[in-house]
Amino acid sequence: HRNPFWAQLADDRLTASIICDGFHLLPEQIKVFYRAKGPDRLIMTSDITSWGGLPAGTYVTNEGETIEKTPEGAMVFPSQNSLYGSASPLCNGIGHVIKVTGCSLAEAFRMASTNPARLYGLTDRGEIKPGMRADLVLFTMDDFVMNIHKTFVAGQLVYDAG
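This one's a predicted model, so the numbers in the text were calculated from it and none came from an experiment.

Cut-offs used in this document
Residues numbered from 1 in each chain as written. Predicted model: local features only at pLDDT ≥ 70, side-chain atom pairs only at ≥ 80, totals over all residues. Heavy atoms only, no water. Buried < 20%, exposed > 50% of the residue type's maximum accessible area, 1.4 Å probe, protein only. Helix = DSSP H or I, 4+ residues; strand = E, 2+ residues; numbered from the N terminus. Pairing = 2+ DSSP bridges. Patch = residues over 30% accessible without salt bridge, like charges linked within 9 Å, V, L, I, M, F, W, Y side chains within 5 Å. Areas by Shrake-Rupley, 256 points an atom, 1.4 Å probe, with all protein chains shown as cover. Salt bridge = Lys/Arg side-chain N within 4 Å of Asp/Glu carboxyl O. Phe/Tyr/Trp six-rings, centres within 6.5 Å; stacked < 30°, edge-to-face > 60°. Arc of directions from axis to C-beta. Contact = heavy atoms within 4.5 Å.

### Re the pairing of strand 5 (residues 74-77)
(1) Moving on: Of the two faces of strand 5, the one holding Ala74 and Val76 and the one holding Met75 and Phe77 are both buried throughout.
(2) Moving on: Examined bridge by bridge, strand 4 (residues 66-69) and strand 5 share 2 bridges and lie antiparallel to one another. The residue of strand 5 that forms the bridge with Glu68 is Val76.
(3) Moving on: Between strand 4 and strand 5, which pair antiparallel in sequence order, lie 4 residues; one of them, Gly73, sits at a positive phi of approximately 110°.
(4) Moving on: Taking the residues that link successive antiparallel strands as the turn, the strand 5-strand 6 (residues 82-86) hairpin has 4 residues, and the phi of Asn81 there is positive, at about 50°.

Now the structure itself:
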């Protein structure tokens, strides 16, 4: 059967944008996107909700619906056993995509920074080189988990975990 999804995935002119939080897509789906598009035509994104950073527990939306944040960072409708969204930041997706695809850290960062900057025409960011904006993150990786120590925006320190 014809499905426009496959034609789009096979089209080298198109860039795919996927959520790699471990909740929206199965590992094999992420692998298919990575293998079909490669690190230059794949963008990692997040749909982190306003509950990001809050502890696991039960919350009520503005519409009065009860949702639950799991300890892993998924936002679910407990009554429907379905996904509401995520409270998992993009930095969690970096480790997850490396674990699932076997890509390098440099490729994961390209998918999360350089590729989105290119898509939106932000020519002053997305790479580390002279003349660029200097949006930088100082971090360590521990068992596929990114631990952010410092963040710089336009060369200015905006976050320091120390």
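### Thoughts on a nonpolar patch on the surface
(1) Moving on: A surface patch of nonpolar side chains, amounting to about 300 Å² of accessible area, comprises Phe5, Trp6 and Val32.
(2) Moving on: Note that Phe5 resides in helix 1 (residues 4-10).
(3) Moving on: With a relative accessible area of 35%, Phe5 lands in the partly exposed category.

### Overview of the packing of aromatic side chains
(1) Moving on: Enumeration over the complete set of coordinates arrives at 5 aromatic pairs.
(2) Moving on: Judged by centre distance (5.9 Å) and plane angle (80°), the rings of Phe5 and Phe33 are edge-to-face. Remark: Phe33 occurs in helix 2 (residues 27-37) and Phe5 occurs in helix 1; sequence separation between them is 28 residues.
(3) Moving on: An angle of 75° between the planes, with centres 5.7 Å apart, marks the rings of Trp51 and Tyr84 as edge-to-face. With Trp51 in the loop between strand 2 (42-45) and strand 3 (57-60) and Tyr84 in strand 6, the pair connects residues that are 33 residues apart, well separated along the chain.
(4) Moving on: Put simply, the rings of Phe5, Trp6 and Phe33 touch in pairs and so form one group of aromatic residues.

### Thoughts on the pattern of salt bridges
(1) Moving on: One pass over the full model with this rule turns up 5 salt bridges.
(2) Moving on: Between Asp40 and Arg110 there is a salt bridge, with the nearest N and O atoms lying 2.8 Å from each other. Of this pair, Asp40 sits in the loop between helix 2 and strand 2 while Arg110 sits in helix 4 (residues 105-119), and the two are 70 residues apart along the sequence.
(3) Moving on: When its relative accessible area of 41% is taken as the criterion, Asp40 is described as partly exposed.
(4) Moving on: Asp135 is the salt-bridge partner of Arg133, the closest N and O atoms lying 2.9 Å from each other.

### Quick look at helix 2
At 3.6 residues per turn, the α-helix brings residues three or four places apart onto the same side.
(1) Moving on: Considered for burial, the residues of helix 2 that qualify are Ile30, Phe33, Tyr34 and Lys37. Looking straight down helix 2, one finds its buried side chains confined to an arc of 95°; they lie on one side.
(2) Moving on: Where helix 2 is buried, its residues meet helix 1, strand 1 (16-19), strand 2, helix 3 (90-101) and helix 4.
(3) Moving on: Looking one or two residues beyond helix 2, the residue adopting positive phi is Gly38, at roughly 75°.

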